[in-house]
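# Structure at a glance
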Amino acid sequence: QVQLVESGGGLVQPGGSLRLSCAASGFAFSTYTMSWYRQAPGKERELVAAITSTGGSTNYADSVKGRFTISRDNGKNTVYLQMNSLKPEDTAVYYCNTKFRRSFWGQGTQVTVSS
């Protein structure tokens, strides 16, 4: 079955960095676009970044452009989200996602940006 397992979240001070990882299994990872979403308390889940199957194209939410970088390693079935210059408003649960037939989600990893 499809499994997406996020890791790398934590507490970081404003201006700091974190690298999230999502290990995928149970499907042909290198065939599909992968995405990162986030959901802050009381807010809807929003798309943060996406990367095509070969990594040749990426897109980002305006709020994270220039600070976050999505990448993937198809040999390791893993997608990453490098987050730099973190702000308190980046605080959220971050989810890995892929779509084929339906949407699949990981369990999420908490990112808290606070001094």
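Structure: above.
Residues numbered from 1 in each chain as written. Predicted model: local features only at pLDDT ≥ 70, side-chain atom pairs only at ≥ 80, totals over all residues. Heavy atoms only, no water.

What follows is about the nonpolar core. Counting residues in each nonpolar core, the largest one holds 30 residues, and the members touching the most others are Trp36, Val79, Leu81, Met83 and Tyr94. Breaking this core down by element, the ones donating at least two residues are strand E3 (18-25), strand E4 (34-39), strand E5 (46-51), strand E7 (68-73), strand E8 (78-83), strand E9 (92-100) and strand E11 (109-113). (Core = buried A, V, L, I, M, F, W, Y, C linked by side-chain atoms within 4.5 Å. Buried < 20%, exposed > 50% of the residue type's maximum accessible area, 1.4 Å probe, protein only. Helix = DSSP H or I, 4+ residues; strand = E, 2+ residues; numbered from the N terminus.)

A few words on the environment of glutamine 39. Considering the arrangement of structural elements, one finds glutamine 39 in strand E4. Separated by 71 residues in the primary sequence, glutamine 39 and glutamine 110 have C-alpha atoms spaced 9.6 Å apart. Apart from residues lying up to four places away in sequence, glutamine 39 is in contact with Glu44, Arg45, Ala92, Val93 and Tyr95. Looking at glutamine 39, its side chain comes within polar contact range of the main-chain oxygen of lysine 43, at 3.1 Å. Within polar-contact distance, the side chain of glutamine 39 engages the side chain of arginine 45 at 3.4 Å. (Contact = heavy atoms within 4.5 Å. Polar contact = N/O pair within 3.5 Å; in protein donor to acceptor, adjacent residues only side chain to side chain.)

Spatial strand order, E1-E3-E8-E7: 4 strands in an open sheet with antiparallel pairing. Only two strands of the sheet have a single partner each, and these edge strands are strand E1 (3-7) and E7. The sheet shows a mean angle of 15° between the axes of neighbouring strands, direction not considered. Bridge count between E3 and E8: 6 bridges; the pairing is antiparallel. Bridge assignment links leucine 20 to a residue of E8, and that residue is leucine 81. (Pairing = 2+ DSSP bridges. Axes fitted to C-alpha atoms, helices over the stretch in contact; angles between N-to-C directions.)

With that settled, the discussion passes to the state of the cysteines. The final tally for this structure, using the stated rule, is 1 disulfide. Two residues, cysteine 22 and cysteine 96, share a disulfide whose sulfurs are 2.1 Å apart. Given an S-S torsion of about -85°, the disulfide between cysteine 22 and cysteine 96 has left-handed geometry. On the criterion of sequence distance, the pair formed by cysteine 22 in strand E3 and cysteine 96 in strand E9 is long-range, its members being 74 residues apart. (Disulfide = S-S within 2.5 Å.)

Our focus in this paragraph is the packing of aromatic side chains. Per the counting criterion, the structure on display carries 7 aromatic pairs. Ring pairing ties together the aromatic residues Phe27, Phe29, Tyr32, Phe100 and Phe104, which thus form one cluster. Positioned above the aromatic ring of tryptophan 105, the side-chain terminus of arginine 45 is 4.5 Å from the ring centre. (Phe/Tyr/Trp six-rings, centres within 6.5 Å; stacked < 30°, edge-to-face > 60°. Lys NZ or Arg CZ within 6 Å of the ring centre and 35° of its normal.)

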